[in-house]
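The chain contents come next:
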Number of protein chains: 2
Amino acid sequence: MAVYTDVSADDLSRFLSRYDIGELLSYKGIAEGVENSNFLVHTSSGHFILTLYEKRVDENDLPFFLGLMEHLAARGLTCPQPVKTKDGGILGVLAGRPAAMVTFLEGMWIRKPNAGHCAAVGEALARLHLAAGDFPIPRPNALSVDSWRPLFEHAGARGDSVRPGLCDAIVRELDVLEHSWPRELPQGVIHADLFPDNVFFLGDKLSGLIDFYFACNDTLAYDVAICLNAWCFEPDHSYNVTKGRALLKGYESVRTMSADEHAALPMLARGASMRFLLTRLVDWLAVPDGALVKPKDPLEYFRKLRFHQSVRDANDYGLGA
Amino acid sequence: MAVYTDVSADDLSRFLSRYDIGELLSYKGIAEGVENSNFLVHTSSGHFILTLYEKRVDENDLPFFLGLMEHLAARGLTCPQPVKTKDGGILGVLAGRPAAMVTFLEGMWIRKPNAGHCAAVGEALARLHLAAGDFPIPRPNALSVDSWRPLFEHAGARGDSVRPGLCDAIVRELDVLEHSWPRELPQGVIHADLFPDNVFFLGDKLSGLIDFYFACNDTLAYDVAICLNAWCFEPDHSYNVTKGRALLKGYESVRTMSADEHAALPMLARGASMRFLLTRLVDWLAVPDGALVKPKDPLEYFRKLRFHQSVRDANDYGLGA
């Protein structure tokens, strides 16, 4: 939640002159997105989001991300749509960074989702999976099961400074995940980061999905597991089976999961917990003591992992009940 | 540059229902303002800025700040205008903070001002001084000459960790300022923080002034001195007399300064440098090593102070030339 790169009005006006979207009237850096710098831009023809891609984003991935948004929007999914320059491009350079303009989506993200929101997000996730089915550019998941051990070794033994015994628990879980990870389930393009702050609502109606910068090819049901983690736990860390049931029903109202996908849900949910536990742990350990900006708590995902380890089968998530 | 307090869509909708400004469509935290949390709010009737006043702002000052904006806007100055609730109020509570909505101003702040921008800001500053002449609420300047020594003593001897000898130099300057500070010049409401990021332009035309949260009663010419510091130095720390001349001419095209005000400019400019040197020093020393957010460099204002100490008289700023 930051603006890493400042942009001058002159540079922005010059950048916008490549587009057919009128005169610049105002722009504000917005406190959203942890990877890139985002500006809300108002021109005489409307509102847009300008993104400057910072170092953590690989420039080679941008055709995938921007192309995917274009592909999904063309198939009726409400997501930001890259704005084309007069000569048909969607990627430029501004303030020394790769930069793109996308359409502005109205709507608010929901701080305290209820079961209705969970149903809507499940349905939207399934629509995304289907709509992306024929998207031609591949992008392997850089944060899949095989990356977790190297990521953990990067954080190293310092994990125990966050919670005594954490490192041991992670190593034991990585052994299980690497041995039992379901690798034969249906694959496709997944969002991989569909947290509440990436889903907009107007009233109770889902109005759009944003932030496709972790999207990649991976197991479709793994994306469902990420959403169960992100949407269906309460602030006191308990799993809310009503929300889980709503999310799964919403998903299956659009795309039915196979028995194998159902059976794999607990293991996929453990993996999803591990993925966010590890990236949060790395971020947590990278921030100096006393810094103003506190990263997200990695232990939230350790607690979720503990829950998934205790699950008997997918019915415990609310499936079919 | 931050959002300190998050706001939920439900809470915001409830807050907005007190106003006659339509349905909430979207809102984004914006990366502006160092004291408060600011959101750009879009409703079915237009765009607004919502400000949540954080702890550093004294709630008792809010009628002054909001009343001043209303007063200035009513006299034709383009500045944010507080939006009235259905029952005529301008201050509410949101997320446990005092909160107000103001109108949205189009325009961009200028990263590299030229002499034309300086002339425009000088003129706008004088208009502000005249328009505020009959504003009835008083607010003493909490950051005036008498506050500088206590502020310095708060930072204490640690100033030398920023630059060896800094503390000695500050003490010697405080002796001069306290002894020679001009106390008999015309008084009035000053903006006190009219830096480039608080002045909007559309093309070359000044389109508005924002951020009145340091406004107070003080010496009018001191406000001019703050602007000379903020607008007329180059990135290499040299004073640009062409910009200074433009700013002073712009100011005096609306409000003529007296001979005493002219004569006092060098001392006022030294004081303005001291004020920003000290607050930046305090902020600098408050941030832990290695923090992600670097506060503004206090030594920028130490260099400006050195320049003002070397000035022979106000002609060196471009006056009358």
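Calculation criteria
Residues numbered from 1 in each chain as written. Chains lettered and ligands numbered in written order. Predicted model: local features only at pLDDT ≥ 70, side-chain atom pairs only at ≥ 80, totals over all residues. Helix = DSSP H or I, 4+ residues; strand = E, 2+ residues; numbered from the N terminus. Contact = placed C-beta atoms within 7 Å. Domains from an automatic or database assignment. Nonpolar A, V, L, I, M, F, W, Y, C, P; charged D, E, K, R; others polar. pLDDT = per-residue confidence, 0-100. Expected span 1.5 Å × (residues − 1). Buried ≥ 20, exposed ≤ 12 C-beta atoms within 10 Å, placed from the backbone. Axes fitted to C-alpha atoms, helices over the stretch in contact; angles between N-to-C directions. Parallel < 35°, antiparallel > 145°, perpendicular 65-115°, else oblique. Left-handed = near helix turned anticlockwise from the far one by under 90°. Pairing = 2+ DSSP bridges.

Describing the overall build of chain A
Here's step 1: Counting its regular elements, chain A contains nine helices and 10 strands.
Here's step 2: Based on the C-alpha atoms only, the size of chain A along its principal axes is roughly 60 × 45 × 35 Å.
Here's step 3: Across chain A, the fraction of contacts at a sequence separation of at least 24, relative to all contacts at a separation of at least 6, is 72%.

A word on the domain arrangement of chain A
All names here are of chain A.
Here's step 1: In terms of domains, chain A is made up of domain 1 (9-103) and domain 2 (109-317).
Here's step 2: For domain 1 versus domain 2, the distance between C-alpha centres works out to 27 Å.
Here's step 3: Contacts between the two partners involve 17 residues from domain 1 and, on the opposite side, 16 residues from domain 2.
Here's step 4: Of the residues contributing to the side of domain 1 that touches domain 2, the split by class is 10 nonpolar, four polar and three charged.

A word on the confidence of the model for chain A
Here's step 1: Residues at a pLDDT of 70 or more form 96% of chain A, whose mean pLDDT is 93.
Here's step 2: Across the whole predicted complex the pTM is 0.86, and at the interface the ipTM reaches 0.81.

Comments concerning helix 7 (residues 241-252) of chain B
Every α-helix winds through 3.6 residues per turn, so residues three or four apart in the chain are directed the same way.
All names here are of chain B.
Here's step 1: Along its 12 residues, helix 7 runs 16 Å from first to last C-alpha, staying within 8% of the 16 Å computed at 1.5 Å per residue.
Here's step 2: When helix 7 is considered as a whole, its buried residues turn out to be Lys243, Gly244, Arg245, Ala246, Leu247, Leu248, Gly250 and Tyr251.
Here's step 3: Tucked into the core, helix 7 has its buried residues touching helix 3 (115-131) and helix 6 (220-231).

Section: the packing of helix 3 of chain B against helix 7 of chain B
Residue and element names in this part refer to chain B.
Here's step 1: Here helix 3 crosses helix 7 at 30°, and the two axes come no closer than 6 Å. In this view, helix 3 runs roughly parallel relative to helix 7, as classed from their interaxial angle. With respect to the hand of their crossing, helix 3 and helix 7 are arranged in right-handed fashion. From helix 3, Ala115, Cys118, Ala119, Ala120, Val121, Gly122, Glu123, Leu125 and Ala126 reach across to helix 7, where they touch Thr242, Lys243, Ala246, Leu247, Leu248, Lys249, Gly250 and Tyr251.

What about unusual backbone geometry?
Here's step 1: Non-glycine residue Ala192(A) carries a positive phi angle of around 75°.
Here's step 2: Positionally, Ala192(A) belongs in the loop between strand 7 (187-190) and strand 8 (199-202).
Here's step 3: Overall, the presence of 21 C-beta atoms within 10 Å leaves Ala192(A) in the buried class.
Here's step 4: Residue Asp211(B) is not a glycine yet carries a positive backbone phi of 60°.
Here's step 5: By the element assignment, Asp211(B) lies in the loop between strand 9 (205-209) and strand 10 (216-219).

Describing the pairing of strand 9 (residues 205-209) of chain A
Residues and elements named next belong to chain A.
Here's step 1: With four bridges connecting them, strand 8 and strand 9 associate as antiparallel partners. Directly across from leucine 202, in strand 9, lies its bridge partner lysine 205.
Here's step 2: Hairpin connection from strand 8 to strand 9: two residues lie between these consecutive antiparallel strands, with glycine 203 at a positive phi of about 60°.

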